[in-house]
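One letter stands for each residue in the lines below.
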Amino acid sequence: MNHPLQNCMITGPWESPASNFSASIFSLFYQACALGMKVKHAPNGVDEAGFSFVLETPVTTPVTCEVTAWDPGSRSNNPASESILQAACGLMSVHGRASGKAQPLGLNYVSTLTAALALQGAVATALGQLRGFPHARTSISMASAALLSASQYIADATVDAMGENLSSATKNRIPAPPFVSADGVVFELETLNAEPWLKFWTRMGISAALAGAGWTAFLLRYAKAIAPLPDELTHALTQVAYQDIAELCSQTGLSICPVQTMADRISDEPLKYEWLNGPWSFAMPVAAAVAQHSRGHRELPLSGLTVVESCRRIQGPLAGHLLALLGAEVIRIEPPGGDPLRGMPPLADGCSVRFDALNRHKTIREIDIKSTAGRSEILELARNADVFLHNWAPDKAAQLRLDAADLTAVNPALVYAHAAGWSSNGGFSSRLNTLPGTDFMVQAYSGVAHKISQACGTRGGTLFTVLDVLGGVIAAQGITIGLFNRFRNHTGGKVTSSLLSTATLLCSEDFQRQHRFFGINAPAASRLNNVYPTKQGMLAIECCDEAMLQRLFRLFDKLIDGQRIDAQERLREILLTDGAQEWAALLQQAGIPATVVIEDLAGLHDCPQIRSALSRGSYTQVITPWSFL
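A. Fine view of the overall build of the protein. Secondary structure summary: the protein contains 27 helices and 23 strands in total. Taken over the C-alpha trace, the protein has a radius of gyration of 24 Å; the compact-globule value for 629 residues is 25 Å, and the two agree within 12%. Taking the principal axes of its C-alpha atoms as reference, the protein extends roughly 75 × 65 × 50 Å. Counting all 629 residues of the protein, 61% fall into the buried class. The long-range share in the protein, meaning contacts at least 24 apart out of those at least 6 apart in sequence, stands at 76%. As presented, the protein carries roughly 23400 Å² of accessible surface, and 50% of it is formed by carbon and sulfur atoms.

Here it is as C-alpha cells:
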C-alpha cells in the first residue's frame, strides 16, 4: 500500500502561469500524485503573496492550506522567491562557509521543504478533525520553513556565550570535502569512527598529528558546515589515482563514494522507481478494528498522541521535533548517561544548543536498548504509544528484536517508522547499505552534490546538512499520513523514508524533465539569479521570469544600452554605488525579488520580515512553522 491517500483529492493552482511559487506548487503536485491523490486545478489559487490549496478526504470536511512567502505576522509585502528566502534566512551564508562566499544552493530547497510541510499541515488538520480537532484551515510561510532548516545553525550563532560569527567563518576559502584524485575523480570519504580515519591517513604517509587535526575538522562539518582540513591531506589525495584510494579505503575500513552526475542518476532505474513512488514506503494492511489511543486536551492536531523516538544526530530527532510541534508527547530514548551530543559546545543551561534546538519539547528516558531489561521497557512503552520512530542502521532493529513485527505484536495500532539512510522501498539498497547512510555520502551518490556543484561552480555539494533536514521533514510527514490512515482505517503499519528518497524528491524536477510521468511541467530556471557585492553588504536578486527581468532592465535603463552582452558586468558596477539595504528597497518597490544577504545569523532578529518566526531565549529558537485557524 504505497498510496495511502488514494481516495483523497487536492485542489490547487497546478496550471497557473510561472510564478515565484512555481517550484513549491510543482513539488506539492508531485507529492500528492505519489500518494495516490486525485488532483484538480483551481484557476485563482496563486497571487504575488502566495498560493493556497484544498485537501478533501472522504471522512473530513475540506481543509484549506495557505502558503505565503513571509509569515503573515511580519506584514511584509516584499516579493520573494527561492533564492530571496535562502538569502534572507541565512541559508546562503551557511552554504557559503566552505567556499568563502555566500551563494545560492542551486536547488529549489526552500520550495520543496515548504511543500512537504504544507502538505503535512493539511493532513494533520484532517487527522485532527477525525480526533475532534475543530479547525479546517492551516497556513505556513516559506520563511518559516527556511528558518526551520537552519535552526541548529541559528542556535549556534545566537547563544549568549561562545556563539559563532558566521561572517568571520566565510572570509577566507576553507579547504573542504569532497576530495579529488590524481585522475580527476571527485569523491566523498566517510567514517563515524576515528580508527579507520587514522589508519587510512597514516597509510597515505600523513603524520598522526596531522591526521588527528584532520579528524577534528572532518567531524566539524556536520555541526558548522565547514571542514578546515590541513592542506597536506587534500594535497596527498591529488597524487593518487581513484582506484588506489578506493582500495586503500577497503583495507582500512574507510568508506568512499564518487560524486555521480545528475544525468546518470535520472537514468538509474532503481532511483526512477523511488521517484515514481515518492519518498515514503507505506505498509499498512487492512486490519480489524484496534484500540485508538486518543488522550489529552486537543489544542493541536496530534495532542494526546504519544511518540517513542530512538534516534541520533539530525534526521530522526528533527522528525520527532516536528511531531512535538504538532502537539504529540514525544518520549526520547537515550543511552544510559544521555546522548553524547548533549555536550557539544556551545552550551546553554548545561546542554548543547544545537541538540536542544531539535529536542527541547521531548521527555527523556535513559534505556539500554541492547539489554533484556531495556528491550522490555521499549515494548512496554510501545504498548501504549501511537508511533515508534527510529533511525537505526540497517538490520539493527531485527538484531535488537525491536522491528515492526515485534512492536506491532504488542500494539497492532502502532505506526512504526524508520528514518533510513538509503532506500525507502526495501529493494535495491543492500549494496548501498554497506556504506554509511549519511548526508554527504547520499549527496554524492544521488546527484544532489553534482547538481549543487554545477550551479555554484564548486566541485561537490554543500556542507549544510540539506538531506538530514529535509529527510527529517519527510519522515515526520510520512508518520502524519500513517496516523491519518490509522484513525481512518483502524490499522497500524510501517512507514519508511530515507535520505536517498529525500534526495530523489529534491531532484524530482530533473526526473520529470527526463521521464515526464506526472501531468505538470517542471519549473523553468530563473532568468537571473545571483548575489552581488554592494557599497555595503551583499545583495541577492532573482528574476524568475522574463517580465521580472524586463522590469530590472527598465529600472536601470542605462544598464545595457540596447545590448545585453555586458549586462551582468554593468549591473555589478552600478550596484557598487550604493548599499544593499538601499538597493533592496528600490528593487522591491519595482516588484523585483531582492534582499540583503544575511551574513551573520545573529542578525536575523533585526529583520522585520522574519522576526515573528523566531523566539529569543538563551539562544534564538525557531518556532512552529504551522498556524491552525
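B. Representation of the pattern of salt bridges. On inspection of all chains with the given rule, the structure shows 18 salt bridges. Between Arg-312 and Asp-339 there is a salt bridge whose closest N-O contact spans 3.5 Å. Here Asp-339 lies in the loop between β11 (329-334) and β12 (347-348) and Arg-312 lies in the loop between β10 (306-310) and α14 (315-325), a separation of 27 residues in the sequence. With a closest N to O distance of 2.7 Å, Asp-339 and Arg-332 form a salt bridge. By relative accessible area, Arg-332 is classed as buried at 1%. Linked through salt bridges whose partners overlap, the residues forming this network are Glu-309, Arg-312, Arg-332, Glu-334, Asp-339, Arg-342 and Lys-362.

C. Spatial organisation of the sheet that holds strand β3 (residues 50-56). Taken in spatial order, the six strands of this open sheet run β2-β1-β3-β4-β5-β23, and their pairing is mixed. Where the open sheet ends on each side, the last strands, each with one partner, are β2 (38-41) and β23 (627-628). In this sheet, β23 lies alongside strand β5 (residues 137-141) in antiparallel orientation, the contact comprising two bridges. Its bridge partner being in β23, Thr-138 is matched across the sheet by Phe-628.

D. Local environment of the sheet that holds strand β20 (residues 594-596). Read across the open sheet, the three strands follow the order β18-β19-β20; overall the sheet is antiparallel. Of all the strands in the sheet, just β18 (528-533) and β20 have a single pairing partner and so form its edges. The mean inter-strand angle of the sheet, taken between neighbouring strand axes irrespective of direction, is 15°. Bridging between strand β19 (residues 538-543) and β20 involves three bridges; their strand directions are antiparallel. Note on β20: the bridge partner recorded for Ala-540 is Thr-595. Here helix α26 (residues 567-575) sits on the sheet in contact with β18 and β19, set at roughly 40° to β18. In this fold helix α27 (residues 580-589) packs onto β19 and β20, with an angle of close to 160° to the strand it touches most, β20.

E. Quick peek at the environment of Arg-527. Inspection of the secondary structure puts Arg-527 in the loop between α24 (508-515) and β18. Owing to a relative accessible area of 42%, Arg-527 belongs among the partly exposed residues under this scheme. Taking the C-alpha atoms as reference, Arg-527 lies 6.4 Å from Glu-546; in sequence the two are 19 residues apart. Within the structure, the side chain of Arg-527 is placed 2.7 Å from the side chain of Glu-546, a separation counted as a polar contact.

F. Seen up close, the packing of aromatic side chains. This model, assessed by the stated rule, comprises 23 aromatic pairs. Ring centres 5.4 Å apart and planes at 65° place the aromatic pair Phe-556 and Trp-583 in the edge-to-face group. With Phe-556 in the loop between α25 (546-555) and α26 and Trp-583 in helix α27, the pair connects residues that are 27 residues apart, well separated along the chain. The residues Phe-556 and Trp-583 share a single accessibility class, namely buried. Put simply, the rings of Tyr-30, Trp-275, Phe-511, Phe-517 and Phe-518 pair up and form one aromatic cluster.

G. Quick peek at the environment of Ala-328. With respect to the helices and strands, Ala-328 occurs in the loop between α14 and β11. Other than its neighbours up to four places away in sequence, Ala-328 contacts Leu-302, Ser-303, Leu-305, Val-307 and Leu-323.

H. Inspection of unusual backbone geometry at higher detail. Backbone torsion omega between Pro-345 and Pro-346 reads 0°, so that peptide bond is classified as cis. Following the sequence through the fold, Pro-346 ends up in the loop between β11 and β12. Not every positive phi belongs to a glycine, and Ala-225 is a case in point at roughly 65°. Within the element layout of this structure, Ala-225 appears in the loop between α9 (208-224) and α10 (231-237). With a phi angle near 55°, Asp-349 is a residue other than glycine that sits in the positive phi range. Relative to the helices and strands, Asp-349 resides in the loop between β12 and β13 (351-352).

I. Quick peek at the confidence of the model for the protein. Looking at the protein as a whole, its pLDDT mean stands at 90, while 93% of the residues score no less than 70. The model gives residues 165-171 a pLDDT under 50, and that stretch makes 16 contacts with residues more than four places away or in other chains.

J. Representation of the packing of helix α1 (residues 22-34) against α24 in the model. Between α1 and α24, the shortest axis-to-axis distance is 11 Å and the interhelical angle comes to 75°. Relative to α24, α1 is oriented roughly perpendicular. Only Ser-508, Glu-509 and Gln-512 of α24 make contact with α1, whose side of the interface consists of Ala-23, Phe-26 and Tyr-30. In the contact of α1 with α24, the residues fall into three nonpolar, two polar and one charged.

Cut-offs applied
Residues numbered from 1 in each chain as written. Predicted model: local features only at pLDDT ≥ 70, side-chain atom pairs only at ≥ 80, totals over all residues. Heavy atoms only, no water. Helix = DSSP H or I, 4+ residues; strand = E, 2+ residues; numbered from the N terminus. Rg over C-alpha atoms; globule rule 2.2 N^0.38 Å. Buried < 20%, exposed > 50% of the residue type's maximum accessible area, 1.4 Å probe, protein only. Contact = heavy atoms within 4.5 Å. Areas by Shrake-Rupley, 256 points an atom, 1.4 Å probe, with all protein chains shown as cover. Salt bridge = Lys/Arg side-chain N within 4 Å of Asp/Glu carboxyl O. Pairing = 2+ DSSP bridges. Axes fitted to C-alpha atoms, helices over the stretch in contact; angles between N-to-C directions. Polar contact = N/O pair within 3.5 Å; in protein donor to acceptor, adjacent residues only side chain to side chain. Phe/Tyr/Trp six-rings, centres within 6.5 Å; stacked < 30°, edge-to-face > 60°. pLDDT = per-residue confidence, 0-100. Parallel < 35°, antiparallel > 145°, perpendicular 65-115°, else oblique. Nonpolar A, V, L, I, M, F, W, Y, C, P; charged D, E, K, R; others polar.

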